[in-house]
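The chain contents come next:
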Amino acid sequence: AQSVTQLDSQVPVFEEAPVELRCNYSSSVSVYLFWYVQYPNQGLQLLLKYLSGSTLVKGINGFEAEFNKSQTSFHLRKPSVHISDTAEYFCAVRRSGNTGKLIFGQGTTLQVKP
Amino acid sequence: GAGVSQSPRYKVAKRGQDVALRCDPISGHVSLFWYQQALGQGPEFLTYFQNEAQLDKSGLPSDRFFAERPEGSVSTLKIQRTQQEDSAVYLCASSLRTFEETQYFGPGTRLLVL
């Protein structure tokens, strides 16, 4: 069975500083990897996804993530955060070839301070 | 174009009451997913439809939970004899097809069982 671990429940950071949100997964089969963002009282919005190919994936709002198969990680990064990036971030995994069921981590709250 | 919509946005139910939550997916989307998000947790998969066929209901927590999508578009998640532990946000997502397709999430229905 797949599982996802987000190593930090909260990440406080000052505006314009870089940030990394960590995600590790466990799976014995090939997987697809996703990062979603959830703003208060809103649904989840896809930031980026890794399906195959280049291990460095670029997404919306200046975010990027790197797939590391040997370390089973998919950490999310942004070189310079804005106040508007304050939100909950979820890492998710899906087994390749299945119907699309996503397994989510518990989320990381990014708190950007002025 | 219109995204995934859900209604009601908020629902308060007395313990033992039956509730019905509605999801309107993006027009033409074949796949539809329901997830349950408890407070402070990541979403957890409940069930999956491909058109009108319910192909995976492995995440439904008990036989009090029932989902349908009779015409392959709108879906309803019904919870019978609600319990306090059913309090959560119920998220609906749809995708154009299956496999690699991005899942688009609705804003969710926040259910509070008193």
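Just above, that's the structure.
Residues numbered from 1 in each chain as written. Chains lettered and ligands numbered in written order. Predicted model: local features only at pLDDT ≥ 70, side-chain atom pairs only at ≥ 80, totals over all residues. Heavy atoms only, no water.

> Mind showing me how you'd approach the interface of chain B and chain A here?
Accessible area lost on assembly of the parts is the figure often given for the size of an interface. Each partner contributes to the interface: chain B provides 24 residues, whereas chain A provides 21 residues. Roughly 1800 Å² of surface becomes buried between chain B and chain A when both sides are summed, with 51% attributable to carbon and sulfur atoms. Remark: the boundary between chain B and chain A carries 0 salt bridges. Put simply, chain B and chain A have 6 residue pairs in polar contact (both at pLDDT 80 or more) between them. Of all the secondary-structure elements, those providing two or more residues to the side of chain B that touches chain A are strand 4 (31–37) and strand 5 (44–50) of chain B. At 3 residues, strand 4 of chain B tops the list of elements feeding residues into the side of chain B that touches chain A. (Contact = heavy atoms within 4.5 Å. Buried area = accessible area lost by both parts, 1.4 Å probe. Salt bridge = Lys/Arg side-chain N within 4 Å of Asp/Glu carboxyl O. Polar contact = N/O pair within 3.5 Å; in protein donor to acceptor, adjacent residues only side chain to side chain. Helix = DSSP H or I, 4+ residues; strand = E, 2+ residues; numbered from the N terminus.)

> I tried to follow the packing of aromatic side chains on my own but got confused; where do I start?
Given two aromatic rings, one states the distance between the centres and the angle between the planes to describe the pair. All names here are of chain A. For the coordinates displayed, the defined rule picks out 13 aromatic pairs over all chains. Seen from their ring centres, Tyr25 and Phe67 are 6.4 Å apart, and the 25 degrees between their planes marks the pair as stacked. Here Tyr25, found in strand 4 (residues 23–26), pairs with Phe67, found in strand 8 (residues 64–68); they are 42 residues apart in sequence, far enough to count as distant. Residue class for Tyr25 comes out buried when judged on its relative accessible area of 8%. Look at Tyr50 and Phe67: their rings are 4.4 Å apart centre to centre, the planes differ by 25 degrees, and that puts the pair in the stacked class. In this pair, Tyr50 is assigned in strand 6 (residues 44–50) and Phe67 in strand 8, connecting sequence segments 17 residues apart. (Phe/Tyr/Trp six-rings, centres within 6.5 Å; stacked < 30°, edge-to-face > 60°. Buried < 20%, exposed > 50% of the residue type's maximum accessible area, 1.4 Å probe, protein only.)

> I would appreciate a short explanation of the nonpolar core in the present structure.
Note that soluble globular proteins tend to have their nonpolar side chains buried in a common cluster. In this structure, A:Leu33, A:Trp35, A:Leu47, A:Leu48, A:Phe74, A:Leu76 and A:Tyr89 are the most contacted members of the largest nonpolar core, which totals 28 residues. Beyond its immediate sequence surroundings of up to four residues, A:Phe74 is in contact with A:Cys23, A:Leu33, A:Phe34, A:Trp35, A:Leu48, A:Tyr50, A:Ala65, A:Glu66 and A:Phe67. Counting 20 residues, the second largest nonpolar core, distinct from the first, contains B:Ile26, B:Phe65, B:Leu77 and B:Ala88. (Core = buried A, V, L, I, M, F, W, Y, C linked by side-chain atoms within 4.5 Å.)

> Even after reading the chapter, I still don't get the pattern of salt bridges, so can you show me in this structure?
Side-chain pairs of opposite charge can arise where the charged atoms are in close proximity. All names here are of chain A. In this structure the tally under the stated criterion is 8 salt bridges over all chains. Between Glu64 and Lys58 there is a salt bridge, and its shortest N-O distance comes to 2.8 Å. The exposure class assigned to Glu64 is partly exposed, which follows from its relative accessible area of 23%. Note that Asp85 is salt-bridged to Lys78, the shortest N-O span being 2.8 Å. This pair shows no difference in class: Asp85 is buried, exactly as Lys78 is.

> Please clarify how the state of the cysteines should be interpreted in this entry.
Working definition of a disulfide: a covalent bond connecting the sulfur atoms of two cysteines. Under the definition given, this model contains 2 disulfides over all chains. Between the sulfur atoms of A:Cys23 and its disulfide mate A:Cys91 the distance is 2.0 Å. Note on the A:Cys23 and A:Cys91 pair: the S-S dihedral is about -65 degrees, so by sign convention the disulfide is left-handed. Of this pair, A:Cys23 sits in strand 4 while A:Cys91 sits in strand 10 (residues 87–95), placing them 68 residues apart in sequence. No difference in accessibility class separates A:Cys23 from A:Cys91, as the two residues are buried. Paired by a disulfide, B:Cys23 and B:Cys92 hold their sulfur atoms 1.8 Å apart. Negative torsions about the S-S bond denote left-handed disulfides, and the value of about -65 degrees found for B:Cys23 with B:Cys92 makes this one left-handed. Highlighted residues: B:Cys23 in strand 3 (residues 19–24) and B:Cys92 in strand 9 (residues 88–95), separated in sequence by 69 residues. (Disulfide = S-S within 2.5 Å.)

> I would appreciate a short explanation of the environment of A:Leu33 in the present structure.
All names here are of chain A. On the secondary structure map, Leu33 appears in strand 5 (residues 31–38). Taking the C-alpha atoms as reference points, Leu33 and Gly62, separated by 29 residues in sequence, lie 18 Å from one another. Apart from the residues within four sequence positions on either side, Leu33 is in contact with Tyr25, Leu48, Lys49, Tyr50, Phe67, Phe74, Ala92 and Val93.

> What is the right way to read the side chain of B:Thr109 from this model?
Residues and elements named next belong to chain B. Here Thr109 shows up in strand 11 (residues 109–113). Note on Thr109: relative accessible area 0%, which makes it buried. Side-chain polar atoms of Thr109 contact the backbone oxygen of Pro8, separated by 2.6 Å.

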